[in-house]
Amino acid sequence: MIRIEPEAWKEMVRHAEATFPKECCGVMIGAEENGARRITLAVACRNAYEGDQKDRFHIDGRDQVAAERRARELGLDVIGYFHSHPNEDAYFSSTDLKHSWPWYSNVVMSVRGGVFSHAKSFIANDDQTAAEPEDLHY
Ligand SMILES: [Zn+2]
């Protein structure tokens, strides 16, 4: 189960809509307790994918390092990552699976016509051959 607090969620929706029709990406920071994940800070990152960004993303390395440092400073952890699917549903694509890491939550946000539509969260298994949906609250 993952819960995204209102301030973090607002930032994720803002970033996803602002980058439309390109994919957005970012880092979700928070804590995990007894299997329940709580996101209190979302950090919008630059999409560094060198190609058509309408259906691909690559989190900018410097932005990722900065987000990890911010988490440490706050005594929190990087719990997962988010990205958007412009004019597509919120599903975990084979590309998403290939570029994900086990354990982390991956929130996919569907943005249609520049407006947020819906979101889902997924966790990849250890050998990245499949991803399980995760109960998402926002
Ligand atoms: Zn995706």
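Our structure's up above, just so we're on the same page.
Residues numbered from 1 in each chain as written. Predicted model: local features only at pLDDT ≥ 70, side-chain atom pairs only at ≥ 80, totals over all residues. Heavy atoms only, no water.

(A) Inspection of the state of the cysteines at higher detail. Scanning the entire structure with this criterion turns up zero disulfides. C24 takes part in no disulfide bond, and the closest cysteine sulfur to it belongs to C25, at a distance of 6.6 Å. Judged by its relative accessible area of 1%, C24 is buried. A disulfide-free cysteine, C45 has its sulfur positioned 5.9 Å from the sulfur of C25, the nearest such atom. (Disulfide = S-S within 2.5 Å. Buried < 20%, exposed > 50% of the residue type's maximum accessible area, 1.4 Å probe, protein only.)

(B) View of the sheet that holds strand β7 (residues 131-134). What the eight strands build is an open sheet, ordered β7-β6-β5-β4-β2-β3-β1-β8; its pairing is mixed. Strand pairing shows two members of the sheet lacking a second neighbour, β7 and β8 (136-137), which therefore form its edges. Relative to strand β3 (residues 36-45), strand β1 (residues 2-4) is paired through three bridges, and the arrangement is parallel. Following the sheet pairing, R3 is matched in β3 by R38. Sheet contacts for helix α1 (residues 6-19): β1, β2 (25-33), β3, β4 (77-86), β5 (105-112) and β6 (115-124); angle to β3, the most-contacted strand, approximately 40 degrees. Contacting β2, β3 and β4, helix α2 (residues 61-73) runs over the sheet at an angle of about 140 degrees to β4. (Pairing = 2+ DSSP bridges. Helix = DSSP H or I, 4+ residues; strand = E, 2+ residues; numbered from the N terminus. Contact = heavy atoms within 4.5 Å. Axes fitted to C-alpha atoms, helices over the stretch in contact; angles between N-to-C directions.)

(C) Quick look at the environment of G26. For G26, the position within the fold is in strand β2. Considering only alpha carbons, one finds G26 and Y81, 55 residues apart in sequence, at a separation of 5.7 Å. Aside from chain neighbours lying at most four places away, what touches G26 is V43, A44, C45, I59, Y81 and F82.

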